[in-house]
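# Structure assessment
Each chain is listed here by its residues.
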Amino acid sequence: MRHVFWGLNMKSAWTAALALSLAGLGACTGGDEATTASDTTDTDDGTSEGTTAGPSGDPSPSTSDGTQTSDGTDPTDATDPTDATDPTDATDPTDATDPTDATDPTDATTDTDATTDTDTDTDPVDDDSDGDGVPDDQDDCPDDPNGWVDSNNDGVCDDLDDNDGDGIPNGEEKEYGADCSISDPNNPDSDNDGKLDPDDLYPLDPFPEYILFRNDLGTIDLMLSNGDGTFTPPVEVGELYGGSGDSNYRYISFVISDFDNNGQTDFLAIGDIDPQDPGNLLDLWWFPRVNDPQSFIQYLIDDKLDRNIFGTTADIGNDDLVDLVALEQQKPNYISNAWLYSYTNMGIIADAVCAYTMDPLNPEGCAFHRQLAVDITAWSSGQWIVRQSYDAVDVNQDGNRDIVLIRHANGGNSAIPVTLLAGNGDGTFAAPGAPIFTHNQPQSGQSPANSMLFADFDNDKISDLMIGLDDDGDAGSAWFYPGQNQGNYSWNLNGAFESFDLNPAAENGGEHFGVTGSAQSFDFDFDGNEDIMLGYNYTQPWAPPSQTVYLGGKGDGTFNAPAVIRQFPNSSFAQNFAIPKRICQPFLTGG
């Protein structure tokens, strides 16, 4: 595995290269770099999504050359969630309260007399009956060595209590659970970043969240979140031209999540030595962050990736690891066959030497196991476009995450059938059935859908659907369908309403700006409400200029007016971005 350390805090490229050489990392280079961009999503101009492939005849993945990272630069160094967040750090009840501290008769007062001192200290303040390091007078459960706080006064110190008083029970902090986060039950701010765990979407990550953009420089643009819906100016990360020396090389798509499961964000990037050639092999890179917010180690996982593997990002294998689900289809004009393939995380991304394997035993040592998730040909055949949601949510409380699926019959102002793919919890899904409902019915005043978001936008702990953003009909409009769970999950069609409109002057007709497939959701200002970020061409539908905007959520399915994050006068790169995708949604379902 080839690897390079990239950090904006370095004095020079030479310094970085020397440091890597001394650490035994082999041939590495230093300097500023860039990382990020998201898949270009199909729009109803007929551009196909995914890669053309079938369920059989998959080539064997290739192993990339190179060696594994050596001591001193492992991404776990300085970023291990136990560093500075270990429950024993600053919160261990034994710190400053160990009864042996300052009371051991041997401390500086050793008796040199021949007669052994038989005096014993019987001060009850220093008694520790259960030997857990907490004096009995401070221990709610002095006979239980495994606990010392009984916050719910039930007479037991267990996972139902809240050791650090942050409002999250101990047991919930130890697993992803309902809040979709792991944190330290003995520290209310596990990563010591100033945000308490209940308000921190990554409570083990001391660094700010970030967004990534594709650029045309052969690097990646990174913008750090300020935690209030604003972002720092872009900086470049990533090895120039992927180290190829070819000025045509571009990083073309990105996914931000936590692929090594250490509680901190990292990202995958696909690099293409010639983006104009759809048939050439691709690079798959992994970027864990180290030392400071803008420093990464760049690992080449595979230099012979033969297809796009990005799409839905979530734990669909029920093993607390982030997985991927990608669409593949055969489409000369209209779809003839379509499949979703899952790429389940093998948990070895830091050591992986290939992108994926078809063998679940993974003898090659690949990052992901590829398998057919579901054949959606029956749902998609004869259609213009089919799309799946970027997020997966457990809507029926069976412990398995589910995906929304939609289809377009043509490129005009067509109706949009919507259905759910029920997850099986093993990387596969049940075949789609009949539509649950149809968006953009005739005379509805709506528009077709290029984007759909599957998250809880009204804070009732039930996931909702946001759908729309087309160039036809009510161009640029997005519609909110509140989720409901009255025995079975569904959407409240009578409660649906237009949530926002990027082009309020275009209420009917076609070929108006406001179309985009880039919309994604995340709570960037940490107010507990899901926000939306999207990019679109803002003067005409299919050509620049373009801009990326942020819509702050109000917690009721509506949003503040769009705030411009970035503009691209000469490209549509405003739509080619990535934002953090958590392993699951914080609110799975309710009722």
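Residues numbered from 1 in each chain as written. Predicted model: local features only at pLDDT ≥ 70, side-chain atom pairs only at ≥ 80, totals over all residues. Heavy atoms only, no water.

### Brief notes about the sheet that holds strand β25 (residues 531-537)
Taking strand neighbours across the sheet as the criterion, the four strands line up as β24-β25-β26-β27 in an open arrangement whose pairing is antiparallel. Both outer strands of the open sheet, β24 (520-522) and β27 (563-568), are each paired with one neighbouring strand and no more. When the angles between neighbouring strand axes are averaged without regard to direction, this sheet yields 20°. For β25 and strand β26 (residues 546-551), the ladder comprises six bridges, and the chain directions are antiparallel. For Leu 534, the partnering residue across the bridge sits in β26 and is Val 549. (Pairing = 2+ DSSP bridges. Helix = DSSP H or I, 4+ residues; strand = E, 2+ residues; numbered from the N terminus. Axes fitted to C-alpha atoms, helices over the stretch in contact; angles between N-to-C directions.)

### A closer look at the nonpolar core
Grouped together as the largest cluster of nonpolar side chains are 31 residues, with contacts concentrated most on Phe 259, Leu 268, Leu 284, Leu 324 and Phe 368. Only β5 (250-257), β6 (266-272), β7 (282-288), β8 (295-305), β10 (323-330), β11 (337-345), β12 (354-357) and β13 (366-375) provide two or more residues apiece to this core. By residue number, the principal contributor to this core is β8, which donates four residues. When near neighbours in sequence (up to four residues on either side) are disregarded, Phe 368 contacts Phe 259, Leu 268, Ile 309, Val 322, Leu 324, Tyr 343, Thr 344, Asn 345, Met 346, Ala 355, Tyr 356 and Thr 357. Phe 437, Met 452, Ile 467 and Trp 479 belong to the second largest nonpolar core, which has 18 residues in total. (Core = buried A, V, L, I, M, F, W, Y, C linked by side-chain atoms within 4.5 Å. Buried < 20%, exposed > 50% of the residue type's maximum accessible area, 1.4 Å probe, protein only. Contact = heavy atoms within 4.5 Å.)

### So, the state of the cysteines
Throughout the structure, instances matching the rule amount to two disulfides. Residue pairing for Cys 141: its cysteine sulfur links by disulfide to Cys 157, the two sulfurs lying 2.0 Å apart. Residues Cys 141 and Cys 157 are joined by a disulfide whose S-S torsion is about 90°; by sign, that bridge is right-handed. One end of the pair, Cys 141, is in the loop between α1 (13-22) and α2 (170-173); the other, Cys 157, is in the loop between α1 and α2, and 16 residues separate them in sequence. Each sulfur in the disulfide pair Cys 354 and Cys 366 lies 1.8 Å from the other. In this structure, the disulfide formed by Cys 354 and Cys 366 twists by about -95° around the S-S bond and is classed as left-handed. (Disulfide = S-S within 2.5 Å.)

### Things to note about the sheet that holds strand β14 (residues 385-388)
Strands sit in the order β14-β15-β16-β17 across an open sheet of four strands; the sheet is antiparallel. Of all strands in the sheet, those with a lone pairing partner are β14 and β17 (437-439), marking the two edges. Averaged over all neighbouring strand pairs, the angle between strand axes comes to 30°, with direction disregarded.

### Overview of the packing of aromatic side chains
Considering all chains together, one arrives at 24 aromatic pairs under this definition. Where Phe 213 meets Phe 568, the ring centres are 5.7 Å apart and the plane angle is 40°; that geometry is what we call tilted. Here the residue Phe 213 occupies a position in strand β2 (residues 210-214), and Phe 568 occupies one in strand β27, the gap between them amounting to 355 residues. For the pair Phe 213 and Phe 568, a shared accessibility class is recorded, and that class is buried. Ring geometry for Phe 500 and Phe 559: centres 5.8 Å apart, planes at 85°, overall edge-to-face. Of this pair, Phe 500 sits in strand β23 (residues 497-501) while Phe 559 sits in the loop between β26 and β27, placing them 59 residues apart in sequence. Neither residue differs from the other here; Phe 500 and Phe 559 are each classed as buried. Grouping aromatic residues by their ring pairs yields a cluster made of Tyr 210, Phe 267, Phe 287 and Phe 296. (Phe/Tyr/Trp six-rings, centres within 6.5 Å; stacked < 30°, edge-to-face > 60°.)

### Structural notes on the pattern of salt bridges
Evaluation of the coordinates by the stated rule reveals 11 salt bridges. In this structure, Arg 307 engages Glu 328 in a salt bridge whose closest nitrogen and oxygen atoms are separated by 3.1 Å. Residue Arg 307 is found in the loop between β8 and β9 (312-314), and its partner Glu 328 is found in strand β10; the two are separated by 21 residues along the sequence. Residue Arg 307 is classed as buried on the basis of its relative accessible area, which comes to 6%. Note that Lys 581 is salt-bridged to Asp 391, the shortest N-O span being 3.2 Å. Of this pair, Lys 581 sits in the segment after β28 (577-578) while Asp 391 sits in the loop between β14 and β15 (403-408); the two residues are 190 residues apart in sequence, bridging distant segments of the chain. Comparing Lys 581 with Asp 391 shows no difference in burial state: the two are buried. Here the residues in one salt-bridge network are Asp 306, Arg 307, Glu 328 and Arg 370, joined through shared partners. (Salt bridge = Lys/Arg side-chain N within 4 Å of Asp/Glu carboxyl O.)

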